[in-house]
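# Working through the structure, step by step
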Amino acid sequence: MGHRIALTSILIGTLAISGCAASPREQVPLGEQVFPAGQMLPSDLFAAARQSQHAPDALSDTRPRKSCGDVTLKQGEEIPAAAVDCIDAAIGNLEAELVVVSFTTEGDPVVAFYRSAAATLGVEIFTDGEFDRFGPKTWSHQTCPQATTVTSLQGCSEM
């Protein structure tokens, strides 16, 4: 009888604790998600990505750029039309940048920097996967010289 009560208490405790945890598909507010080894997710992912010591050198160039926004998307949400229009209009015309935080299926943030250049057609993309607990935890740097919009990237190659 004592074993049943102890086992029942453990089961109830486990269910109560698991009910408090975020499900894998639920987004946890920035600054509150704890990663392995107690690492907290930064409250400002845009700044954390820009200042990352693992970012490609090309991300930290000092050319002035028009900002097309720092956008945080909810799961399944698309980049707002105004931000897409801004960066698309800049392609081949001026230096511009759009920064987007999106979330993986598990709720982990991924930061992408979309850049255009005045003298160059296409789009340059830097993607920070350092906060993706189930991904490679690395950066990628791509150029897409044939792209005419950030919603349809073509001819991209990894740098």
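Residues numbered from 1 in each chain as written. Predicted model: local features only at pLDDT ≥ 70, side-chain atom pairs only at ≥ 80, totals over all residues. Heavy atoms only, no water.

## Some details on the packing of aromatic side chains
Describing an aromatic ring pair means giving the distance of the ring centres and the angle of the ring planes. Taken as a whole and judged by the stated rule, the model has one aromatic pair. Judged by centre distance (6.1 Å) and plane angle (25°), the ring pair of Phe113 and Trp139 falls under stacked. Taken together, the residues span a long stretch of sequence, with Phe113 in strand β3 (residues 109-117) and Trp139 in strand β5 (residues 139-144) at a distance of 26 residues. On the accessibility criterion, Phe113 (0% relative accessible area) is buried. (Phe/Tyr/Trp six-rings, centres within 6.5 Å; stacked < 30°, edge-to-face > 60°. Helix = DSSP H or I, 4+ residues; strand = E, 2+ residues; numbered from the N terminus. Buried < 20%, exposed > 50% of the residue type's maximum accessible area, 1.4 Å probe, protein only.)

## Re the sheet that holds strand β4 (residues 120-128)
Pairing is mixed in the open sheet, where six strands are placed in the order β1-β2-β3-β4-β5-β6. Unpaired on one side and paired on the other, β1 (66-72) and β6 (157-158) mark the two borders of the sheet. Sheet analysis places β1 next to strand β2 (residues 96-103), joined by five bridges and oriented parallel. Each bridged residue has a counterpart across the sheet, and for Val71 the counterpart in β2 is Val100. Where helix α3 (residues 81-90) meets the sheet, its contacts fall on β1, β2 and β3, and the angle it forms with β1 comes to roughly 145°. (Pairing = 2+ DSSP bridges. Contact = heavy atoms within 4.5 Å. Axes fitted to C-alpha atoms, helices over the stretch in contact; angles between N-to-C directions.)

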